[in-house]
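# Summary of the model geometry
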Amino acid sequence: MGWTVRDIPDLRGRTVVVTGAGGGPGFVTARELARRGAHTILACRDRRRGARALERLLAQVPEARAELRLLDLADLSSVRAFAAGYGDRPLDVLINNAGPAPVAYGRTADGFETQFGVSHLGHFALTGLLLDQLLATPGARVVTVSSLLHLTGSGVLDPERRYRRWRAHSRSKAANLLFTHELARRARAAGADLLAAAVHPGFAETEPGGEEAGDAGGGTGQRLARTAHRLFAAGPEVGAAPILYAATAPEVTADSFTGPSVLGGRRLRGGPGAGWRAPWTRRDEPAERLWRRSEELTGVRYEALPPVPAPPRSGPPQS
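These notes cover the structure that comes with them. Every value quoted in this text rests on a predicted model; they were computed, and no experiment measured them. (Residues numbered from 1 in each chain as written. Predicted model: local features only at pLDDT ≥ 70, side-chain atom pairs only at ≥ 80, totals over all residues. Heavy atoms only, no water.)

What follows deals with helix α10 (residues 284-298). An α-helix turns once per 3.6 residues; consequently, residues spaced three or four apart project the same way. With 15 residues, α10 ought to run about 21 Å at 1.5 Å a step, and its terminal C-alpha atoms sit 21 Å apart, in line with that. Packed against the buried residues of α10 are α3 (76-86), α4 (114-129) and α6 (165-190). With its phi angle positive at about 75°, G299 sits one or two positions after the end of α10. (Helix = DSSP H or I, 4+ residues; strand = E, 2+ residues; numbered from the N terminus. Expected span 1.5 Å × (residues − 1). Contact = heavy atoms within 4.5 Å.)

Turning to the pairing of strand β4 (residues 93-96), a few remarks are in order. Here β4 shows no split at all, with V93 and I95 on one side and L94 and N96 on the other all buried. One ladder, built from four bridges, connects β4 with strand β5 (residues 140-145); its direction is parallel. Considered in β5, the bridge of N96 is made with T144. (Buried < 20%, exposed > 50% of the residue type's maximum accessible area, 1.4 Å probe, protein only. Pairing = 2+ DSSP bridges.)

Here we come to α6. With 26 residues, α6 extends 37 Å between its outermost C-alpha atoms, agreeing within 8% with the 38 Å of an ideal straight helix rising 1.5 Å per residue. Within two residues after α6, G191 carries a phi angle of roughly 70°, on the positive side.

Here the structure, examined in full by the defined rule, presents 16 salt bridges. Between R12 and D10 there is a salt bridge, and its shortest N-O distance comes to 2.4 Å. When its relative accessible area of 65% is taken as the criterion, R12 is described as exposed. Taking the relative accessible area as the measure of exposure, D10 reaches 44% and is therefore partly exposed. Note that R277 and D255 form a salt bridge whose closest N and O atoms lie 3.1 Å from each other. On the criterion of sequence distance, the pair formed by R277 in the loop between β8 (272-274) and α10 and D255 in the loop between α9 (236-248) and β7 (257-260) is long-range, its members being 22 residues apart. In this pair, the class of R277 matches that of D255, namely buried. The network of salt bridges with shared partners includes E182, R185, R186, D284, E288 and R292. (Salt bridge = Lys/Arg side-chain N within 4 Å of Asp/Glu carboxyl O.)

Geometrically, a pair of aromatic rings is defined through the distance of the ring centres and the angle of the planes. Across all of its chains, the model carries seven aromatic pairs by this definition. Ring geometry for F124 versus F179: centroids 5.8 Å apart, planes at 65°, classification edge-to-face. Remark: F179 occurs in helix α6 and F124 occurs in helix α4; sequence separation between them is 55 residues. Of the two residues, F124 and F179, neither departs from the other in class, the shared state being buried. Where F124 meets W291, the ring centres are 5.1 Å apart and the plane angle is 80°; that geometry is what we call edge-to-face. (Phe/Tyr/Trp six-rings, centres within 6.5 Å; stacked < 30°, edge-to-face > 60°.)

These values are about where atoms sit, not about what they do.
What follows is the structure, encoded as structure tokens:
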């Protein structure tokens, strides 16, 4: 596309929330949006790490209007508290970026499998609880960070009897795409001025040295993950570019999936381009089914964006 961060427009007067802004592409995204004048809220789980990120951002962009707010997507009470504390101010862009690397089996505070609970259900609840502020802001966007690893999963999102961290990770990232599809579909049907788009950061390190590699498990698995990062992973600046593009570029379309272009040999680098996406993540039926289940699990309902009525079935020809 030939797009670079220099193409980000003037964002003064805009407000942006970035989850998982404590490091990696999330931090770079928050920094660059703040550099262009946006009031940027770093939504972080860990207070100490978030404070360090804010301090680093202000050191690099002294004129930035940025603040830290605590948000633990693994705890729906924290999600509700964050949304309540946000108030009624307009919200121009919500960037659903946070998400764990493939981790050993665990549960959130509400009893959900960790990867699905954080990457999908936490962001589903957050977006729904901030929906009024988004809909009240002309041209608002919801950008959700998925992954190319969704391609390694299947169309079945139900948990397996035997937990496998990489399969669980794939399912959670596929759920991000189904959520984006259904959000875009409902916004379009309701005539809402809200753009929902998805991105993937390529194979980008979250932190120098690879935070994801550190979470990949001990022994052989951990060594292989670290080796893969050394050989293939690009830096967080590359991973942030598609997020920044989806959040600000005027040509972004609803339900699009953007990632780094495949350039520069074995690494995913280059400017943002169309990402490879499993066709079933654009299907209405699994997206709507996941949406209904997400409402049941989180208790969050998008009253302003009701279900899209099914097209009437054509009956037998009239005599």
